[in-house]
Amino acid sequence: MRIHALPPQLINQIAAGEVVERPASVVKELVENSLDAGAQRIDVEVEQGGVRLIRVRDNGYGIHHDDMALALSRHATSKIGNLEDLERVASMGFRGEALPSIASVSRMTMQSREAASEGGWQVSGDGSEKVEAPLPVAHPVGTTIEVRDLFYNTPARRKFLRTEKTEFGHIETLIKRLAMSRFDVAFSLQHNRREIIRLPAATEQAEMERRLSELLGPAFLEQALFFDQEKLGLRLSGWVARPTFSRSQADMQYFYVNGRMVRDKLVTHAVRQSFQDVLYHGRHPAYVLYLELDPMLVDVNVHPTKHEVRFRDGRLVHDYLFRTLHKVLSETRPGGEVVDTETGEVLEPVPSHMSDYTPSATPEASQPAYQRPFSFKVQERTPSYAPSFDIQRPATTAVSTLPEEESTESPPLGYALAQLKGIYILAENGQGMVLVDMHAAHERITYERFKQSLDGNGIATQPLLVPVSVAVSSREADLAEEQSALFENLGMEIGRLGKETLVVRSIPVLLHGADAEKLLRDVLADLVVHGGSDRIKAEINNVLATMACHGSVRANRRLTVEEMNALLRDMERTERSDQCNHGRPTWVQLELGDLDKLFMRGQ
């Protein structure tokens with residue numbers, strides 16, 4: 001067969017293979033067009049999972065009747081005009097492929113009216129270049145697009161569709177994602193003439209959180225921290241759930257770049273890295289995050305579905321995401337919120353309550369005769385708790401009374417009352433009762449002290465008795481030479497023996513016995529993909545976590561009331577003390593109302 005030009009309809013059907021994967025893809029393209037048209041309300045109706053009918057109606061600007069036929073031809077768009085527009089594109093769509101691709105695999109009808117027009121116009125298309133002239137029709141300001149019998153002329157594509165329930169599930173998930181990208185737009189979704197979603201426009205934070213609660217459930221919002229921070233020309237805002245609200249699947253992760261929902265490996269890695277040390281093994285974080293930056297700094301023309309983006313300075317974006325989220329999560333401790341829940345401003349840590357303590361503010365501390373003092377060190381260290389002991393030591397009188405202001409001035413975790421089964425500390429605070437897992441809490445405290453000490457003194461290195469030669473690619477060898485300072489900071493001495501050979505001469509002392517070759521390859525892989533690596537730091541932290549676990553107070557060890565109070569005060573001062581090193585919670589709050597319900601008080 002000789003070379004020949006393909007007919008327009010076949011060209012559009014080929015393009016539809018990339019743009020239109022399933023009914024949800026059609027909904028995505030049409031709703032994004034409505035958002036670009038300035039719509040304040042978007043109504044979506046589907047039948048039979050979107051296979052029989054998809055109707056998207058908006059109240060946007062509308063389309064000029066002279067442009068309606070042109071809108072169904074390939075590469076016709078009002079959103080860009082030259083290369084400079086493409087490099088600064090801020091609209092959801094810009095390729096001019098969606099409408100002709102959809103029309104080529106369905107029976108599509110488009111009706112639209114501009115505000116300046118006396119009436120609406122209608123045009124139909126089948127994907128060919130020949131489109132009939134628009135016909136007048138009654139229509140309000142805005143646009144309505146109907147897509148019927150999807151894939152009717154491409155049966156091979158239609159047979160790959162899933163069940164009606166599955167296809168509609170994809171559409172529902174998509175509408176939820178879009179609704180979280182634009183709180184100022186009202187959305188509704190109907191399936192087989194039954195209303196599934198109705199969301200009014202939200203402009204105030206309380207209204208936005210009400211929408212989030214309806215879409216993600218109230219449990220997410222109860223555990224979420226709202227923040228809003230801007231730096232280096234980047235702005236990151238949104239809601240990130242506390243580590244205790246982790247998920248078994250990555251099904252509650254929503255990330256938007258300039259209002260566009262994306263799935264990006266760099267973003268996922270940065271977020272995951274910020275949750276290190278606080279996420280339970282095998283669990284996934286939950287978040288709704290919005291990144292805003294100059295459109296020149298991000299390339300959205302990467303994939304036909306526009307789900308992927310490419311940042312001009314990926315390392316900058318990665319570090320900014322990590323540092324911002326790490327700072328927010330670092331203050332997940334009793335009474336130590338790092339963000340203002342009203343403004344989202346990232347604040348400085350709340351000062352320790354120790355300055356408010358006085359000996360007279362300590363509850364009665366009658367100690368059973370069988371309790372033996374327990375010394376806290378890094379293994380079992382007393383000095384670190386001595387100041388707390390002295391400040392909180394009860395008066396020598398037989399009876400000590402609480403101050404009148406105890407309910408308002410008590411610290412977040414209150415004061416210890418007793419030890420339960422040698423495992424839990426029972427304390428009372430202004431809200432009610434607090435239960436603390438003493439081993440998990442002390443493990444986090446000890447671990448954070450180890451990390452602070454390591455950061456202050458740097459990573460000690462140990463020369464290898466026999467240097468390890470590693471065969472790598474020339475690109476990796478060049479990268480290792482360029483990043484020699486990074487390796488030194490990580491405690492590794494790397495040399496180059498040849499064009500494709502590296503040698504490891506020293507590694508961190510704490511990683512004695514580790515596989516030096518595997519460590520080098522892992523770091524190089526991270527440098528290639530992410531421009532940096534935290535592998536060595538993560539390995540060192542694993543060692544420190546093990547040391548902290550073995551050096552923490554064990555179950556069935558009796559603590560005095562002073563020691564229990566000292567542990568509570570240290571929890572209030574320690575970063576991430578809401579979770580142990582393995583992601584388990586360290587304390588729970590039972591408010592007085594919860595206790596009243598147990599005993600049916602006031603009912």
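An unreviewed UniProt entry annotates the chain as DNA mismatch repair protein MutL originating from Solemya velesiana gill symbiont. Looking at the Function (unreviewed entry) heading of the UniProt record, one finds this comment for the chain: "This protein is involved in the repair of mismatches in DNA. It is required for dam-dependent methyl-directed DNA mismatch repair. May act as a 'molecular matchmaker', a protein that promotes the formation of a stable complex between two or more DNA-binding proteins in an ATP-dependent manner without itself being part of a final effector complex." Under the Sequence similarities (unreviewed entry) heading, UniProt states for the chain: "Belongs to the DNA mismatch repair MutL/HexB family."

Draft legend 1. Highlighting the overall build of the chain. When its secondary structure is counted, the chain shows 20 helices and 22 strands. Within the span of the chain, comprising 603 residues, buried residues form 47% of the whole. Restricting to contacts in the chain with at least 6 residues of sequence separation, those with at least 24 account for 71%. About 29,800 Å² of surface is accessible on the chain, with carbon and sulfur atoms providing 51% of the total.

Draft legend 2. Just helix 11 (residues 314-330), in detail. Taking 1.5 Å as the rise per residue, helix 11 with 17 residues should run 24 Å; its terminal C-alpha atoms sit 24 Å apart, in good agreement. By the burial criterion, the buried members of helix 11 are G314, V317, H318, Y320, L321, F322, T324, L325, V328, L329 and S330. For helix 11, the secondary structure elements touched by its buried residues are strand 9 (224-231), strand 10 (234-241), strand 11 (253-257), helix 10 (265-274), strand 13 (287-292) and strand 15 (310-311).

Draft legend 3. Focus on the packing of aromatic side chains. All told, the structure shown has 5 aromatic pairs when counted by the stated rule. Seen in terms of ring centroids, F220 and F245 are 6.1 Å apart; in terms of plane orientation they differ by 65°. Their pairing is edge-to-face. Highlighted residues: F220 in helix 9 (residues 218-222) and F245 in the loop between strand 10 and strand 11, separated in sequence by 25 residues. Both residues of the pair, F220 and F245, belong to the buried class. The rings of F183, F226, W239, Y256 and Y290 are connected pair by pair, giving a single aromatic cluster. Above the ring of Y152, the side-chain terminus of R107 is found at 3.9 Å from the ring centroid. It is R569 that lies over the ring of Y415; its NZ or CZ is 5.6 Å from the centre.

Draft legend 4. Molecular detail of the sheet that holds strand 18 (residues 432-437). Read from one edge to the other, the open sheet built from 4 strands follows the order 16-17-18-22, with strand pairing classed as antiparallel. One side of each edge strand has no neighbouring strand; the edge strands of this open sheet are strand 16 (415-420) and strand 22 (587-591). Adjacent strand axes in the sheet meet at a mean angle of 25° when their direction is disregarded. For strand 18 and strand 22, the ladder comprises 5 bridges, and the chain directions are antiparallel. Each residue of the ladder has a partner; that of G432, found in strand 22, is E591.

Draft legend 5. Main features of the packing of helix 7 (residues 164-181) against helix 8 (residues 205-216). At a minimum axis distance of 11 Å, the contact between helix 7 and helix 8 shows a crossing angle of 165°. Taken together, the axis directions place helix 7 and helix 8 in an arrangement best described as roughly antiparallel. Considering only the axes of helix 7 and helix 8, their crossing is left-handed. Each of K176, A179 and M180 in helix 7 lies in contact with helix 8, whose residues at this interface are R211, L212, L215 and L216. The residue inventory of the contact of helix 7 with helix 8, partitioned by class, reads 5 nonpolar, no polar and 2 charged.

Draft legend 6. Highlighting the packing of helix 14 (residues 438-457) against helix 18 (residues 535-550). Two elements in contact, helix 14 and helix 18, have axes separated by 8 Å at closest approach and are oriented at 135°. Judged on the interaxial angle alone, helix 18 and helix 14 are oblique. Seen along the crossing, helix 14 lies across helix 18 with a hand that is right-handed. Here helix 14 contributes H439, E443, T446, Y447, F450, K451 and L454 to the contact with helix 18, which in turn contributes I540, N541, L544, A545, M547, A548 and C549. Taken together, the residues of the contact of helix 14 with helix 18 break down into 9 nonpolar, 3 polar and 2 charged.

Draft legend 7. The arrangement of the sheet that holds strand 21 (residues 501-508) in detail. Spatially, 19-21-20 is the arrangement adopted by the 3 strands of the open sheet, whose pairing is antiparallel. The strands lining the two open edges of the sheet, one partner per strand, are strand 19 (461-471) and strand 20 (493-498). Recorded for the sheet is a direction-independent mean angle of 20° between the axes of neighbouring strands. The pairing of strand 20 with strand 21 spans 5 bridges and is classified as antiparallel. Within the sheet, the bridge partner assigned to R496 lies in strand 21 and is L502. Contacts from helix 15 (residues 474-482) reach strand 20 and strand 21 within the one sheet, and its direction differs from that of strand 20 by about 135°.

Each value, and the rule that gives it
Residues numbered from 1 in each chain as written. Predicted model: local features only at pLDDT ≥ 70, side-chain atom pairs only at ≥ 80, totals over all residues. Heavy atoms only, no water. UniProt positions renumbered as here; feature names shortened; annotations may be inferred. Helix = DSSP H or I, 4+ residues; strand = E, 2+ residues; numbered from the N terminus. Buried < 20%, exposed > 50% of the residue type's maximum accessible area, 1.4 Å probe, protein only. Contact = heavy atoms within 4.5 Å. Areas by Shrake-Rupley, 256 points an atom, 1.4 Å probe, with all protein chains shown as cover. Expected span 1.5 Å × (residues − 1). Phe/Tyr/Trp six-rings, centres within 6.5 Å; stacked < 30°, edge-to-face > 60°. Lys NZ or Arg CZ within 6 Å of the ring centre and 35° of its normal. Pairing = 2+ DSSP bridges. Axes fitted to C-alpha atoms, helices over the stretch in contact; angles between N-to-C directions. Parallel < 35°, antiparallel > 145°, perpendicular 65-115°, else oblique. Left-handed = near helix turned anticlockwise from the far one by under 90°. Nonpolar A, V, L, I, M, F, W, Y, C, P; charged D, E, K, R; others polar.

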